[in-house]
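This is what each chain is made of:
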Amino acid sequence: MTDNISRPYESTVHIALPSAQHAQQLKDVVSVDEEISNKVVKSFSIVTSQEAAAYEDHIDGGANNSVDKDGEDCSRRVLRINFMATDAKMLRVSMSTTYDMINVALKCFQEFEG
C-alpha cells in the first residue's frame, strides 16, 4: 500500500554484527515498534557484508566467505536500516531513537552472552 507522501530525506545505515543470529535478533528488537507518525518510514533487512559494501560504494577486494566458531556462515550478518522522512528533523529524530534502541539491545546481548 502506498500513501503518496513525499519523503525526500533518506538515510541508510549498516550495522555489522558477530553472527547472523545476532543480526536477526537485533532486527527483531528494533523493528517491533512502528513510527508514531507517517512522516518517517523505516525498512529493515539482513544483508551480506559485500552487499553493504557495494551499497556504500566501498567494495571490498575479496569475498568474505568466512565461517565462525559454530560453523555458521558469517557473510549474512549485517543489519541494514533504511530511513525515509518528510523532513530532516524527523529523519534525525527517528535515527537517534533507533540508535538508542540498538545501543540498549547490544548491551543486553553482551550482558547475557557471558
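Before reading further, recall that the structure is shown in the block above.
Residues numbered from 1 in each chain as written. Predicted model: local features only at pLDDT ≥ 70, side-chain atom pairs only at ≥ 80, totals over all residues. Heavy atoms only, no water.

1. Some points on helix α1 (residues 20–30)
Okay, so step 1: Restricting attention to buried positions, one finds in α1 the residues His22, Ala23, Leu26 and Val30. Projection of α1 onto a plane perpendicular to its axis shows the buried side chains occupying an angular sector of 100°, all on one side.
Okay, so step 2: Looking at the buried positions of α1, the neighbouring elements they touch are β1 (9–16), β2 (40–47), β3 (78–85) and α3 (88–113). (Buried < 20%, exposed > 50% of the residue type's maximum accessible area, 1.4 Å probe, protein only. Helix = DSSP H or I, 4+ residues; strand = E, 2+ residues; numbered from the N terminus. Arc of directions from axis to C-beta. Contact = heavy atoms within 4.5 Å.)

2. Regarding the pairing of β3
Two faces make up the sheet, and in a regular strand the side chains alternate between them.
Okay, so step 1: Where burial is concerned, most of β3 is hidden: seven out of the eight residues are buried.
Okay, so step 2: Summarising the sheet, β2 and β3 pair through eight bridges and their orientation is antiparallel. Residue pairing across strands places Ile46 opposite Leu79, the latter belonging to β3. (Pairing = 2+ DSSP bridges.)

3. Focus on the side chain of Arg7
Okay, so step 1: Among the structural elements, Arg7 can be located in the segment before β1.
Okay, so step 2: If we skip the residues at most four places from it in the chain, Arg7 touches Asn38, Lys39, Val40, Val41, Met84, Ala85 and Thr86.

4. So, the pattern of salt bridges
Okay, so step 1: All chains considered together, the criterion is met by two salt bridges.
Okay, so step 2: Residues Lys42 and Glu35 are paired through a salt bridge, measuring 3.1 Å at the closest nitrogen-oxygen approach.
Okay, so step 3: Its relative accessible area of 18% is what places Lys42 among the buried residues.
Okay, so step 4: A salt bridge links Glu51 to Arg76; its shortest N-O distance comes to 3.7 Å. Here the residue Glu51 occupies a position in helix α2 (residues 49–55), and Arg76 occupies one in the loop between α2 and β3, the gap between them amounting to 25 residues. (Salt bridge = Lys/Arg side-chain N within 4 Å of Asp/Glu carboxyl O.)

5. Quick notes on α3
Okay, so step 1: Between its first and last C-alpha, α3 extends 37 Å over 26 residues, near the 38 Å set by a 1.5 Å rise per residue.
Okay, so step 2: Among the residues of α3, those classed as buried are Leu91, Ser94, Met95, Thr98, Ile102, Ala105 and Phe109.
Okay, so step 3: On its buried side, α3 packs onto β1, α1, β2 and β3.
Okay, so step 4: Sitting at the head of α3, Asp87 places a side-chain oxygen 3.2 Å from the backbone nitrogen of Lys89. (Expected span 1.5 Å × (residues − 1). Polar contact = N/O pair within 3.5 Å; in protein donor to acceptor, adjacent residues only side chain to side chain.)

6. Quick notes on the packing of α1 against α3
Okay, so step 1: For the pair α1 and α3, interaxial distance at closest approach is 10 Å and the crossing angle is 135°. Relative to α3, the element α1 lies oblique. Between α1 and α3 the crossing geometry is right-handed. Within the contact between the two elements, α1 uses His22, Gln25, Leu26, Val29 and Val30 and α3 uses Met101, Ile102, Ala105, Leu106, Phe109 and Glu113.
Okay, so step 2: For the contact of α1 with α3, the class distribution of residues is eight nonpolar, two polar and one charged. (Axes fitted to C-alpha atoms, helices over the stretch in contact; angles between N-to-C directions. Parallel < 35°, antiparallel > 145°, perpendicular 65-115°, else oblique. Left-handed = near helix turned anticlockwise from the far one by under 90°. Nonpolar A, V, L, I, M, F, W, Y, C, P; charged D, E, K, R; others polar.)

7. Concerning the packing of aromatic side chains
Okay, so step 1: Tallied over the full model, the rule gives zero aromatic pairs.
Okay, so step 2: The lysine or arginine in question, Arg80, covers the ring of Tyr55, its NZ or CZ lying 4.7 Å from the ring centre. (Phe/Tyr/Trp six-rings, centres within 6.5 Å; stacked < 30°, edge-to-face > 60°. Lys NZ or Arg CZ within 6 Å of the ring centre and 35° of its normal.)

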